[in-house]
Amino acid sequence: MAIPSLLVASALHQHLTKMSMRTHVSIVLEAAEPREIHHYAALIGFGVNAICPYLVYETIEEYHKRGYLKTGLKTALKNYNEGALKAICKIISKMGISTIQSYLGAQIFECIGLSDDVIGEYFTNTPNSIGGIGLKEIEANYIKIYEKAQERGDDTLDSIGLHGYRNREQEHIYDPLSIMYLQSACQTGNYDDYKKFTERLSDKVINIRDTLNLEFSNPIALDEVESVDSIVERFKTGAMSYGSISKEAHECMAIAMNRLHAKSNTGEGGEERERFTLDANGDNRSSAIKQVASGRFGVTIEYLTNAKEIQIKMAQGAKPGEGGQLPGSKVFPWIAKARHSTPGVSLISPPPHHDIYSIEDLAQLIFDLKNANREARISVKLVAEAGVGTIAAGVVKTGANTILISGYDGGTGASPRTSIYNAGIPWEIGLAETHQTLVMNGLRDRVRLETDGKLLTGRDLAVAILLGAEEFGFATGPLIAMGCIMMRVCNLNTCPVGVATQDERLRARFKGKPEYVMNFMRFIAMELREYMALLGFRTIDEMVGHTELLSLKKEFKGRIDPKKILFNQNVVNKDSIFKAYKMNSLENTIDYRVLLPLSKEAMNGDMSKIIDIEISNVNRSFGTLLSNEITKMYGETGLKDDKIIINATGNAGNSFGAFLTKGVSISVTGDANDYLGKGLSGGKIAVMPSPSATFDSSENIICGNVALYGATSGECYLDGIAGERFGVRNSGAKIVSLGCGQHGLEYMTGGTALILGKIGRNFAAGMSGGVAYVYGLDNKAMVNLELAKILPLNAEDVENVKTLMAEHVKRTSSKKVANLIETFDKDDYFKVLPNDYAKMVSLIKKHTANGDSNPELAAFNEFMEGC
Amino acid sequence: MGKNTGFLDYPRLNKQELSVEERIKNFFDFHIPFDEEKQKEQAARCMNCGVPFCQSAMKVNGRNVGCPLSNLIPEWNHLIYLGLYEEAYKRLAKTAPFPEFTGSVCPGLCEACCSCSINGDSVGVKANELFLIDQAFKNGWIKPNKNIVRNGIRVAIVGSGPAGLSAAKHLNDRGYYVTVFEKNDRFGGLLMYGIPNMKLEKSIVERRIRLLQDEGIIFVNNTKIGVDYSMENLRNDYDEIIFACGTSKARPFTAKGNDKKGVYYAVDFLTKTTKNLLDEKKFEINCKGKDVVIVGGGDTGNDCVGTAVREGAKSVTLLEIMKEPPETNTLPWPNYPNGKKTDYGVFEANTVYGKDIRRYQTTVEEVLGEDSVNGIVIKRVNFVAGKFEDIPDTKETIPCDLLVVSMGFVGTSEEDSDSYEMKAEKNRIQLKGFAYDDKISVCGDMKNGQSLVVIAEKDGIDCAEYVISKHK
């Protein structure tokens, strides 16, 4: 019997390290066992220098012999190795590591299910939350697998049902019976069927909560417990974007949750503005929670203004370290419109928010969002992981109102499999750690804690509350209620029940109704009430954090140890729950004190207004609150161009002109800090140096980093060089500068950029839409050509460039640009155009010329056919 | 799967059939297989569900839903689409002992709850299954395994129907010495004599029996336990005994005049017909030129109709005691559909006689005639609170020269349980799980009551596993 390869490799690595001899040798593993990408990543992470997975190679050889492969054996092996390498690199990159050297032996893993002894001896210092099995059990498992292999009569492998369910194999929460009961319950409103569903689930041991006992020694009467209506107000749907799921499903959930006074979540794909208006029957299709994720798709001032809660997604439970991904086949024209992107082009959200590199940055974003909508709560979505408590403590201090601890088993069918199975940890661990840390640091009363991850029964919620949760997110539950049958093809656009697809043929099959989702929410609340009565609590608030009512079930004694989760009984005190939302105090902002009163007339009448003002770098998010007020009145349309003109002088603070709306034009004579024009939403910004400045503006930085991140429309003229990551995720604004730092226009999906000077490295990386014009042919070397190509200017381009330059001179009085206009030679410029975008634009032109009724859709269909 | 949009791109096709006129001339299978390309397209319709209901083996509202064998349907559908038929067959054979039987006679619990049928038509799983087993036999992928290492344990299996055969195969594959006893001349139980030839050709049953014989199973025919071979000897000669004798006692037909000549139970009618057919003899119970009435509208009733049509009956009438089902299914997926279905035999009769031969909520009040039946009095009934109540003034006399009673089975006959020296209550052998006692196990219909071939096969496997567990 061979020892498991990870165990033996890590043991050797640890031993050599302890003997101070590790660097004398390399560890090479030759084994049959490693076969999945996670195996390789774990082996490297625990110290293996090289792996020869010989069974994989032999299998490929066998495939070759049997004629399964389209390529020769050598190519097949090479393809496998290259594929595996890419996948390993992808995992490493998710952890923010750039080289294998740094990943080797870095042990950035958490363990679930091994005993402290095994961890201590062979995987020393790996975080280990709940204990688990020892060497004996590991051996027994291996012997069992070995014996099963010996019994085989043929050369086929068994189907173990790890991903796709197989009857009598690997246990899944959703099996045919549980799906059937849940759908039947939600669709008929029959609580007995829901009880059958929870009964079915209670037989399964899948999650940590399934191993815990609840203490029912002091029950109260059911009618003393707070009502279903009041409980459901704490319910939210998971962040599933419009794009990942169909319009029908997305709106169905919104209507249901709004009817319940609960909250649905937009996800990161924006929302069609029609939904901000009530339906004729009073239904509200606007999601109460508007998510702000790294892609900033459709995050406009109007979007934010229509939020009751704004959620900043720091990470996603099923795939921490990764951004959302929407395959091109799902980016139909209507989705592209809501996201301000190009139909047919895959949308990959950057893993980090480009405006968050530190906790201070997060505080700034929260401040921006509070200015963008004073009434909305700000929520920060974190993922359960070791150390999440510390992160949460920081997040509380940044001013967040709610923190969501997302568990690993919430997740999308479209996530990569390595992530679905191997990334993230259960919410029980993350929630308990967060609650404990916040209580111990006296911070617990400042935030509401929320959790999600396959919350499906009243019991699930009861455990969550006892561990510290006050609000709850549900995702697959409502999806099942609306007809999802866990096809697990969310990534393929072929969802046969019209939930996770944009294909109109399939969307027509959607049978969900808001009532189904409402039934689901009410049923959980009903069952939770039963548990509250048994546990002896009248309200959720008084129940939060009472871990003393939880204990390990007898049958799991010695197998796992939840003491870290259940620790802390004595810190349950009056400060251990959230108290009350504090209104966001923004009375000291310039917007509130000066701009709003001065703009009132212009906002209400025909008058224009010009405001001159001096500012300094303590004045952050300048113009944002004003934009919010204008948007409340006029929506996306805003005001007439240049209706309110604000001429500032001085040194602008962070987020100058963030989410600035249409009709407001602000300029600063001086310079600006980071995040200038973040999320620009139709307004105009100009920054120019003081006339008394002696330096050459074309050689000096005029604004900080990450200017115009996530801009969706509007204009910005910078008479100087912009910092790093200029115009990242621009999706519609026209932006001009005299140069920019590294990573300019990264992930851009729309709009126009004109750079009249030096550009930094990695320009236009991941750019999938819009167009950039650059002055100076020597800049060509700086362009990342993975998705875009370099072209000379045509007549239309020359027109565009000249118009932008003229506007720039008008707004900034730039001598440099005036000079460029005079000496204009189109051959001094080049254009950067994304390949797919170019194709789509020409297809749309073609279909428009053909007189197609829906040229965009026709173009999309033709484009997808070519893929 | 193979193709993500297969279920949208290709409509479900049912196999072509010979015309009624053509096919009722003989007792052969009348289906025309798909060509390979069509078969691949049909396989591509499978959506490879994340949670496949087709193989879920559930009970929903008292009915079986999803394949009891938990066949790995999405996997072999995918492999058919890819053209990897041998691999597909191997995955089929992992769970299905006799795909050539189930592919023909199974009602297709898999198809009834196929996710494709939520919106449209289900995947044609049975056609795919039959295609694979045909390919397997045609290409010689099924070879008798002659290298089985024997463990020395001797098992007697009584009954060679689907349950007995699948238990026998399962045990034989795992090294047990298996002997199968059959009371009839031919092996296969109901597969041989209960299902008419056009539905399952007997050469197919015999092909499988030969294969099992080649793999070392000993088959003994014309041997009724307790009569031709005493229980005492059986117990002494074998380490383990599995009874899989089906349900031998038909639900009694109690109408007045039930003892007249020309009144037969379906199982006798079908047995004799198939036996005569195979022996190339004249039909002992001949429907030619007769007014035939069949009582009971289940699968067997339908088989009797098909048989009567082929024998040239003057008229055929099918009496069904239950209410006429709704025209289309009214139950939500994944329930087994309750809509009216017209099986092959009824379809043929309807075509030949130019009208629907079924009469619902109808049963026999009295059998008329001197010595032989020459007419019957029928009446209409209502099913109220678990009982049938006559509807007044609905009595009617109709011509009838041959009456076939196909009202199902109640269990093991007293005669049989006496022969086997087994205790039974209300025609059910007294069991604990599979166990009758330390040595004797019981499976299939004999244990569960009348059911489907596929369920018998599954029960045979489970019973074999139970026996194996005793010897671990």
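Here the structure is a predicted model, which is why all the values come from computation and not from measurement.

Criteria and thresholds
Residues numbered from 1 in each chain as written. Chains lettered and ligands numbered in written order. Predicted model: local features only at pLDDT ≥ 70, side-chain atom pairs only at ≥ 80, totals over all residues. Heavy atoms only, no water. Domains from an automatic or database assignment. Contact = heavy atoms within 4.5 Å. Buried area = accessible area lost by both parts, 1.4 Å probe. Salt bridge = Lys/Arg side-chain N within 4 Å of Asp/Glu carboxyl O. Pairing = 2+ DSSP bridges. Helix = DSSP H or I, 4+ residues; strand = E, 2+ residues; numbered from the N terminus. Axes fitted to C-alpha atoms, helices over the stretch in contact; angles between N-to-C directions. pLDDT = per-residue confidence, 0-100. Core = buried A, V, L, I, M, F, W, Y, C linked by side-chain atoms within 4.5 Å. Buried < 20%, exposed > 50% of the residue type's maximum accessible area, 1.4 Å probe, protein only. Parallel < 35°, antiparallel > 145°, perpendicular 65-115°, else oblique. Left-handed = near helix turned anticlockwise from the far one by under 90°. Nonpolar A, V, L, I, M, F, W, Y, C, P; charged D, E, K, R; others polar. Polar contact = N/O pair within 3.5 Å; in protein donor to acceptor, adjacent residues only side chain to side chain. Phe/Tyr/Trp six-rings, centres within 6.5 Å; stacked < 30°, edge-to-face > 60°. Lys NZ or Arg CZ within 6 Å of the ring centre and 35° of its normal.

**Structural notes on the domain arrangement of chain B**
Residue and element names in this part refer to chain B.
Item 1. Examined at the domain level, chain B breaks down into domain 1 (6-138), domain 2 (154-248 + 410-470) and domain 3 (252-407).
Item 2. Taking only C-alpha atoms into account, the centre of domain 2 sits 29 Å from that of domain 3.
Item 3. Listed by partner, the interface residues are 13 residues for domain 2 and 15 residues for domain 3.
Item 4. Of the roughly 1100 Å² buried between domain 2 and domain 3, counting both surfaces, carbon and sulfur atoms make up 62%.
Item 5. Among the residues of domain 2 in contact with domain 3, Y193, M198 and K199 are the three that bury the most area, contributing 45% of the side total.
Item 6. Linking domain 2 to domain 3 there are three salt bridges.
Item 7. The residue D279 makes a salt bridge to R186 at a minimum N-O spacing of 2.7 Å.

**Some details on the domain arrangement of chain A**
Residue and element names in this part refer to chain A.
Item 1. On domain assignment, one finds that chain A holds domain 1 (5-109), domain 2 (233-473 + 535-576) and domain 3 (590-858).
Item 2. One C-alpha centre belongs to domain 1, the other to domain 2; they are set 34 Å apart.
Item 3. Taken together, the five residues of domain 1 in the interface contact seven residues of domain 2.
Item 4. Three residues stand out in domain 1 for area buried against domain 2, namely H38, K90 and K94, and they jointly supply 85% of the buried area on that side.
Item 5. Where domain 1 packs against domain 2, one counts zero salt bridges.

**Comments concerning the sheet that holds strand β22 (residues 749-755) of chain A**
Residue and element names in this part refer to chain A.
Item 1. As summarised here, the arrangement of the 10 strands in space is β16-β17-β18-β19-β20-β21-β22-β23-β25-β24, forming an open sheet in which the pairing is mixed. Each of the sheet's edge strands pairs with one partner strand only, and the pair in question is β16 (609-615) and β24 (788-791). When the angles between neighbouring strand axes are averaged without regard to direction, this sheet yields 15°.
Item 2. Here β24 runs beside strand β25 (residues 829-834); their pairing, made up of four bridges, is antiparallel. Bridge pairing in β25 places A788 opposite P834.
Item 3. Against the sheet, helix α25 (residues 795-812) contacts β18 (664-672), β19 (681-688), β20 (713-718), β21 (731-737), β22, β23 (769-775) and β25, and its axis sits at roughly 65° relative to β20.

**A look at the confidence of the model for chain B**
Item 1. Of all residues in chain B, 100% have pLDDT values of 70 or greater, and the mean over the chain is 96.
Item 2. Interface predicted TM-score (ipTM) for the complex: 0.94; the corresponding pTM is 0.94.

**Looking at the nonpolar core**
A general trend in soluble globular proteins is that nonpolar side chains are found buried together.
All names here are of chain A.
Item 1. With 157 residues, the main nonpolar core has F235 and F472 as its most contacted residues.
Item 2. The greatest single-element share of this core, amounting to 13 residues, is contributed by helix α21 (residues 514-535).
Item 3. Residues within four places of F472 in sequence aside, it is in contact with R234, F235, K236, E450, T451, L455, L461, A464, I465 and I540.

**Comments concerning the packing of helix α3 (residues 54-66) of chain A against helix α4 (residues 73-94) of chain A**
All names here are of chain A.
Item 1. With their axes 10 Å apart at the nearest point, α3 and α4 run at an angle of 140° to one another. Here α4 runs oblique to α3, going by the angle between their axes. Considering the relative orientation of α3 and α4, their crossing is right-handed. For the pair formed by α3 and α4, the contact residues are V56, Y57, I60, E61 and H64 on the first element and L73, A76, L77, Y80 and N81 on the second.
Item 2. Considering only residue class, the contact of α3 with α4 consists of seven nonpolar, two polar and one charged.

**Quick look at the pairing of β19 of chain A**
Consecutive residues of a regular strand have side chains that alternate between opposite faces of the sheet.
Residues and elements named next belong to chain A.
Item 1. Burial analysis of β19 places eight of its eight residues in the buried class, which makes it a mostly covered element.
Item 2. With five bridges joining them, β18 and β19 adopt parallel strand pairing. Note that in β19 the partner of I666 across the bridge is I685.
Item 3. Relative to β20, β19 is paired through five bridges, and the arrangement is parallel. Bridge pairing links A686 to Y717 in β20.

**Some points on the interface of chain B and chain A**
Item 1. Opposite the 36 residues of chain B that make contact, chain A presents 35 residues.
Item 2. For the pair chain B and chain A, the summed buried surface comes to about 2800 Å²; carbon and sulfur atoms form 57% of the total.
Item 3. Counting every contact that joins chain B to chain A gives three salt bridges.
Item 4. In this structure, the salt-bridge partner of R166 of chain A is E75 of chain B, at a minimum N-O distance of 2.6 Å.
Item 5. Taken together, the connections running from chain B to chain A amount to 20 residue pairs in polar contact (both at pLDDT 80 or more).

**A few points about the sheet that holds strand β11 (residues 291-295) of chain B**
Residue and element names in this part refer to chain B.
Item 1. Taking strand neighbours across the sheet as the criterion, the five strands line up as β10-β18-β11-β12-β13 in an open arrangement whose pairing is parallel. On the outer flanks of this sheet lie β10 (263-265) and β13 (358-359), each paired with one strand and no other.
Item 2. Taken together, the two bridges between strand β12 (residues 315-319) and β13 define a ladder with parallel strand orientation. Bridged to L318 within β13 is R358.

**So, the packing of aromatic side chains**
Item 1. Across all of its chains, the model carries 29 aromatic pairs over all chains by this definition.
Item 2. On the basis of an interplanar angle of 45° and a centroid distance of 6.1 Å, the ring pair of F216 of chain A and Y531 of chain A is categorised as tilted. Within this pair, whereas F216 of chain A is found in the loop between β5 (212-214) and α10 (228-232), its partner Y531 of chain A is found in helix α21, the two being separated by 315 residues in sequence.
Item 3. Residue classification places F216 of chain A among the partly exposed positions, given a relative accessible area of 33%.
Item 4. Using a relative accessible area of 18% as the deciding quantity, one classes Y531 of chain A as buried.
Item 5. On the numbers, 4.7 Å between centres and 45° between planes, the contact of F383 of chain B with F388 of chain B is tilted.
Item 6. Its guanidinium or amino end placed over the ring of Y675 of chain A, K678 of chain A lies 4.5 Å from that ring's centre, counting from NZ or CZ.

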